[in-house]
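# Coordinate inspection notes
If you want the building blocks of each chain, they are given just below.
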Amino acid sequence: MKTFWKGFNASKDSPPVRYKKHMIILYWSPDDAEGVKVRDSFNKLSIRYPTVTVKTVNIKKDPLKPTRHKVLASPTIILLKDGREVERLASKDGVLLLENLFRKAYL
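Definitions and cut-offs
- Residue positions are given per chain, counting from 1 as you read along its sequence in written order.
- Only residues with pLDDT of at least 70 are given local features in this predicted model, and only at 80 or more are side-chain atom pairs given and counted; all residues enter the totals for whole chains, interfaces and linings.
- For the side-chain quantities, the full set of heavy atoms in the structure was used; hydrogens and water were omitted.
- Aromatic contacts are taken between Phe, Tyr and Trp rings whose centres are within 6.5 Å, Trp giving its six-membered ring; a plane angle under 30 degrees counts as stacked, one over 60 as edge-to-face, and the others as tilted.
- Numbering of helices and strands runs from the N terminus; a helix is a DSSP stretch of H or I covering at least four residues, while a strand is a stretch of E covering at least two.
- Only protein chains enter the accessibility calculation, which uses a 1.4 Å probe; a residue whose area is less than 20% of its type maximum is buried, one above 50% is exposed, and one in between is partly exposed.
- For a ring to carry a charge above it, either NZ of a lysine or CZ of an arginine must fall within 6 Å of the ring centroid while also lying within 35 degrees of the normal to the ring plane.
- What counts as a salt bridge is simple: a side-chain nitrogen of Lys or Arg found within 4 Å of a carboxyl oxygen of Asp or Glu.
- A pair of strands is considered paired only if DSSP assigns at least 2 bridges between the two.
- Angular values range over 0 to 180 degrees, each being the angle between N-to-C directions of two axes fitted as lines to C-alpha atoms, with helices fitted over their stretch in contact.
- By definition in these notes, contact holds between two residues if any of their heavy atoms fall within 4.5 Å.
- Joining through side-chain atoms within 4.5 Å is the link that ties buried Ala, Val, Leu, Ile, Met, Phe, Trp, Tyr and Cys residues into a set, and such a set is a nonpolar core.

Tallied over the full model, the rule gives 2 aromatic pairs. When the centroid spacing of 5.8 Å and the interplanar angle of 25° are considered together, the rings of Y49 and F102 count as stacked. Here Y49, found in the loop between α1 (33-48) and β2 (53-58), pairs with F102, found in helix α2 (residues 95-106); they are 53 residues apart in sequence, far enough to count as distant. For F102, a relative accessible area of 0% corresponds to the buried category. Stacked on the ring of W28, the Lys or Arg R39 has its end atom at 4.5 Å from the ring centre.

Right, let's talk about the pattern of salt bridges for a bit. Throughout the structure, instances matching the rule amount to 7 salt bridges. The partner of D40 in a salt bridge is R39, and the shortest N-O contact between them spans 3.3 Å. Take D40: its relative accessible area is 36%, and that puts it in the partly exposed class. Taking the shortest distance from any N to any O, the salt bridge between E85 and R88 comes out at 2.9 Å.

Read across the open sheet, the 4 strands follow the order β2-β1-β3-β4; overall the sheet is mixed. Among the strands making up the open sheet, the edge pair consists of β2 and β4 (84-89). On average, adjacent strands in this sheet sit at an angle of 20° to one another, irrespective of strand direction. Across 6 bridges, strand β1 (residues 23-28) lies against β2 in parallel orientation. When the sheet's bridge partners are listed, M23 is paired in β2 with T53. Where α1 meets the sheet, it contacts β1, β2 and β3 (76-81), and its direction lies at approximately 160° from that of β1. This element, α2, spans β1, β2, β3 and β4 of the sheet and lies at about 15° to β3.

Within the largest apolar cluster, 15 residues are counted, with the highest numbers of intra-cluster contacts made by I24, F42, I77, L98 and F102. Of all the secondary-structure elements, those providing two or more residues to this core are β1, α1, β3 and α2. Counting residues per element, this core draws most heavily on α2, at 4 residues. Non-local contacts of I77, meaning those with residues more than four positions away in its chain, are made with I24, I25, L26, V38, F42, E87, R88, L89, L98 and L101. Core analysis: the next-biggest nonpolar cluster, separate from the first, contains 6 residues, Y27, V57, V71 and L80 among them.

Below, the structure written as structure tokens:
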């Protein structure tokens, strides 16, 4: 667990401040050929960047989860930092933009 400095007034009994990791979420559908292609490149990049938390959501199995992030198209990739959306890639974006997204989350 990573912690930040507590400051001068913090005692040893106070709980540490937790550091939230960056997360990348992929919303994809198995019916879409482009979605499967993006999912495969997404999995390869997740192996290359092991410290980035990655989550893939199948829209057919979980139809209510895309409404949380207002996903309208498949595949959609969302970068979250501290639980907030920072960047979003649509289905027409390329693999190079996907790798740049992983680099942003890796920092």
